Amino acid sequence: QGFDPNLVTLAAHPQGDETPRRLALDPAVKIVDFTGSPANGEWLERNARQALVFAEKAGVNPIVIDSTTDFTGLAKNIAFSLALYSGQMCTAPQNIFVPRAGIAAGDAHLSLEEVRQGLAQALDKLLGDPARAVEILGAIQSPAILQRLEQTRHDATDVVCESRALVHPQFPQARVRTPLLLAAAAGEEARFMHEVFGPVAFLVATDSTAQSLALAGKGARERGALTFSVYSQDEAVLRQAREVAADTGVPLSENLTGGVYVNQSAAFSDFHGTGANPAANAALTDAAFVAGRFRVVQSRAHV
């Protein structure tokens, strides 16, 4: 089409190579679009001062469970969200907040332990057939993620659902792992109130749904979040969740029990990212994302 062949260039490099930093700080570079780890995104925001930096990073994505009329659908939906791409999505849920006293499930009451068992069973059922499971999970992207998973498991004593290694029939060398689901208490923020990237999630017991919402909001406000999911049949709780979501700048999904999942956050329909919390400094497809790339320059002369 007549364009310079270097219009698009893939700068592949070994780990530890300085190519990305050299390119990001080049005076000729005026716009940087980044998606990746918070550490790298924050480095760009601090150092690439000559450029307009759009950084979509990551955060601590919460699920708050208060009540439901379809616990089976809830468990299946959450299990799929945890398993999809082995949790290696910036939109994947990490912290599942459940009141210690349990939840209402239709006309029944489920204890905290029954909620835990239900989610574990949903994961086991979803990933019970290895041939199917490997297509949902994909592969662990890097040795660092696998090391983080193994270290987290080594340090844990309260496993709700164990992580298993699977062999992909077509790619036997691929690193395939099922999600690790751990139990935690609301007071153990040091364990779960930071991103643990990869197939790791925490089921956090709280004193109440109000505390669950407060912790979900705190994580989004301090660490960032790209998705937020709530399950409740109480309109007052849903209103509170909407207020927390609006206050912390996180898109909210309510009562997902079917074929729509919280971590499937499409760019154009869902305005991926908001720029209103530490997970991203912009929404990836709003008008400001486009308009901010252009400047007006004029030339004038006597006629």
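Scoring rules and cut-offs
- Residues numbered from 1 in each chain as written.
- Predicted model: local features only at pLDDT ≥ 70, side-chain atom pairs only at ≥ 80, totals over all residues.
- Heavy atoms only, no water.
- Helix = DSSP H or I, 4+ residues; strand = E, 2+ residues; numbered from the N terminus.
- Buried < 20%, exposed > 50% of the residue type's maximum accessible area, 1.4 Å probe, protein only.
- Polar contact = N/O pair within 3.5 Å; in protein donor to acceptor, adjacent residues only side chain to side chain.
- Contact = heavy atoms within 4.5 Å.
- Pairing = 2+ DSSP bridges.
- Axes fitted to C-alpha atoms, helices over the stretch in contact; angles between N-to-C directions.
- Phe/Tyr/Trp six-rings, centres within 6.5 Å; stacked < 30°, edge-to-face > 60°.
- Expected span 1.5 Å × (residues − 1).
- Arc of directions from axis to C-beta.
- Parallel < 35°, antiparallel > 145°, perpendicular 65-115°, else oblique.
- Left-handed = near helix turned anticlockwise from the far one by under 90°.

Participant: Just to check I follow, could you spell out the side chain of Gln-94 for this structure?
Facilitator: Note that Gln-94 resides in the loop between helix 3 (71-83) and strand 5 (95-99). According to the relative accessible area criterion, Gln-94 is buried, its value standing at 4%. A polar atom in the side chain of Gln-94 sits 3.4 Å from the side chain of Asn-95. Polar contacts involving the side chain of Gln-94 include one to the main-chain carbonyl oxygen of His-194, which spans 2.8 Å. Excluding anything up to four places from it in sequence, Gln-94 contacts Val-60, Asn-61, Phe-192, His-194, Glu-195, Val-196, Val-200, Ala-201 and Phe-202.

Participant: Before we go on, may I ask you to explain the sheet that holds strand 6 (residues 103-105) in this structure?
Facilitator: Sheet strands line up and pair through hydrogen bonds in the backbone, either parallel or antiparallel. Spatially, the 3 strands line up as an open sheet ordered 4-6-7, and their pairing is mixed. Each having just a single partner strand, strand 4 (67-68) and strand 7 (108-110) make up the two edges of the open sheet. As judged from the 3 bridges shared by strand 6 and strand 7, these two strands associate in the antiparallel manner. Among the inter-strand pairings, Ile-103 is bridged to a residue of strand 7, identified as Leu-110.

Participant: Got a minute to help me understand the sheet that holds strand 13 (residues 228-231) in this structure?
Facilitator: Here 7 strands make up an open sheet; going across it, the order is 8-11-12-5-3-13-14 and the pairing mixed. With one partner strand each, in any of the chains shown, strand 8 (159-161) and strand 14 (252-254) form the two edges of the open sheet. Sheet twist, expressed as the average angle between the axes of neighbouring strands with direction ignored, equals 25 degrees. Across 6 bridges, the pairing between strand 11 (residues 180-185) and strand 12 (residues 200-206) is parallel. Looking at strand 12, one finds that Leu-180 is bridged to Val-200.

Participant: What should I look at first to understand the environment of Pro-5 in this one?
Facilitator: Looking at the secondary structure, you find Pro-5 in the segment before helix 1 (19-24). The class for Pro-5 is exposed, based on a relative accessible area of 72%. Along the sequence, Pro-5 and Gly-198 sit 193 residues apart, while their C-alpha atoms lie 36 Å from each other.

Participant: For this particular structure, what's the right way to read the packing of aromatic side chains?
Facilitator: By the definition in use, this model includes 3 aromatic pairs. A ring pair is formed by Phe-80 and Tyr-261, whose centres lie 4.4 Å apart and whose planes are at 35 degrees; its orientation type is tilted. On the criterion of sequence distance, the pair formed by Phe-80 in helix 3 and Tyr-261 in the loop between strand 14 and helix 10 (267-270) is long-range, its members being 181 residues apart. Overall, the relative accessible area of 18% leaves Phe-80 in the buried class. A relative accessible area of 16% places Tyr-261 in the buried class. Taking the centre distance of 6.0 Å and the plane angle of 75 degrees together, the rings of Phe-97 and Phe-192 count as edge-to-face. Of the two residues, Phe-97 sits in strand 5 while Phe-192 sits in helix 7 (residues 189-192), which places them 95 residues apart along the sequence. Residue classification places Phe-192 among the buried residues on the basis of a relative accessible area of 0%.

Participant: In this structure, what is going on with helix 6 (residues 143-155)? I would like to understand it.
Facilitator: Along an α-helix, a turn takes 3.6 residues, which lines up residues three or four apart on a common side. Across its 13 residues, helix 6 extends 18 Å between first and last C-alpha, which sits within 8% of the 18 Å expected from 1.5 Å per residue. The set of residues buried in helix 6 consists of Ile-145, Leu-146, Leu-149 and Thr-152. Axial view of helix 6: buried residues confined to an arc of 130 degrees, hence all on one face. Opposite its buried face, helix 6 presents the exposed residues Pro-143, Gln-147, His-154 and Asp-155, each directed more than 90 degrees away. Against strand 10 (176-177), strand 11 and strand 12 lie the buried residues of helix 6.

Participant: Would you explain the packing of helix 8 (residues 209-223) against helix 9 (residues 235-248) in this entry?
Facilitator: Angle between the axes and distance between the axes are the two parameters that describe a pair of packed helices. In contact at an axis separation of 9 Å, helix 8 and helix 9 are set at 15 degrees when each is read in the N-to-C sense. On the basis of their axis angle, the class for helix 8 and helix 9 is roughly parallel. In the crossing of helix 8 with helix 9, the sense of the turn from one axis to the other is right-handed. Here helix 8 contributes Thr-209, Leu-213, Gly-217, Ala-220 and Arg-221 to the contact with helix 9, which in turn contributes Val-237, Gln-240, Ala-241, Val-244, Asp-247 and Thr-248.

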